[in-house]
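The primary structure of each chain is shown beneath.
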Amino acid sequence: MLTQHITDALASRLNSSFPGIPLISKEDAVPIPEPPYFHTELALAEFEPISQRRYAARFRFRIFYKPAAGQPVAGIMDEMLESLTELEVEGRPCRAAAVAWERPEREGAAAEDGYFRAEYVIQVSSDSAESVPKMQTLQQGGGLK
């Protein structure tokens, strides 16, 4: 549920900061519009235990921007990085742990081929005590951790 809330918060922020630019998600099966548009994907969603009843939820998004012909990404870069710095998730502010422009490392790649990376970490507490044993992690090689 938290994953959906932060994904919705990101979409809301992009729609309010850039109202004239459509937003599509990798998870949606919709046709790609004419440029300019944003294409988002959830690259990472993980939960790390902090203590017995608290954990950190970490989310990393890739936001691709396809500009209209003749308009470079640099034209919105500062505004984009600033808009991704803070989201409102379930009525509470959530500050980004990292926001950056990532360029592809392959030779001959244009700067336009990169994407914006935004990472958010939310500390969450569990209200209920766990009465069932925790699931163990299977390590490569077959042993349980």
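See above for the structure.
To start, this report covers the structure provided alongside it. This structure is a prediction, so every number in the text was calculated from the model and none was measured. (Residues numbered from 1 in each chain as written. Predicted model: local features only at pLDDT ≥ 70, side-chain atom pairs only at ≥ 80, totals over all residues. Heavy atoms only, no water.)

### Considerations on the packing of aromatic side chains
Link 1 in the chain: A complete count under the given rule lists seven aromatic pairs for this structure.
Link 2 in the chain: A centroid spacing of 5.2 Å and a plane angle of 40 degrees characterise the contact between F38 and Y65, whose relative ring orientation is tilted. Linking F38 in strand β2 (residues 37-51) with Y65 in strand β3 (residues 54-66), this pair joins segments that are 27 residues apart in sequence. When sorted by exposure, F38 lands in the same class as Y65, which is buried.
Link 3 in the chain: Consider the rings of W101 and F116, whose centres lie 4.8 Å apart with planes at 65 degrees: the pair is edge-to-face. Within this pair, whereas W101 is found in strand β5 (residues 92-102), its partner F116 is found in strand β6 (residues 115-125), the two being separated by 15 residues in sequence. When sorted by exposure, W101 lands in the same class as F116, which is buried.
Link 4 in the chain: Counting every residue linked through ring pairs, the aromatic cluster contains F18, F38 and Y65. (Phe/Tyr/Trp six-rings, centres within 6.5 Å; stacked < 30°, edge-to-face > 60°. Helix = DSSP H or I, 4+ residues; strand = E, 2+ residues; numbered from the N terminus. Buried < 20%, exposed > 50% of the residue type's maximum accessible area, 1.4 Å probe, protein only.)

### Details of the pairing of β6
Link 1 in the chain: One ladder, built from ten bridges, connects β3 with β6; its direction is antiparallel. Bridge pairing links A57 to I122 in β6.
Link 2 in the chain: In this sheet, β6 lies alongside β5 in antiparallel orientation, the contact comprising six bridges. Within β6, the residue paired with A100 across the bridge is R117. (Pairing = 2+ DSSP bridges.)

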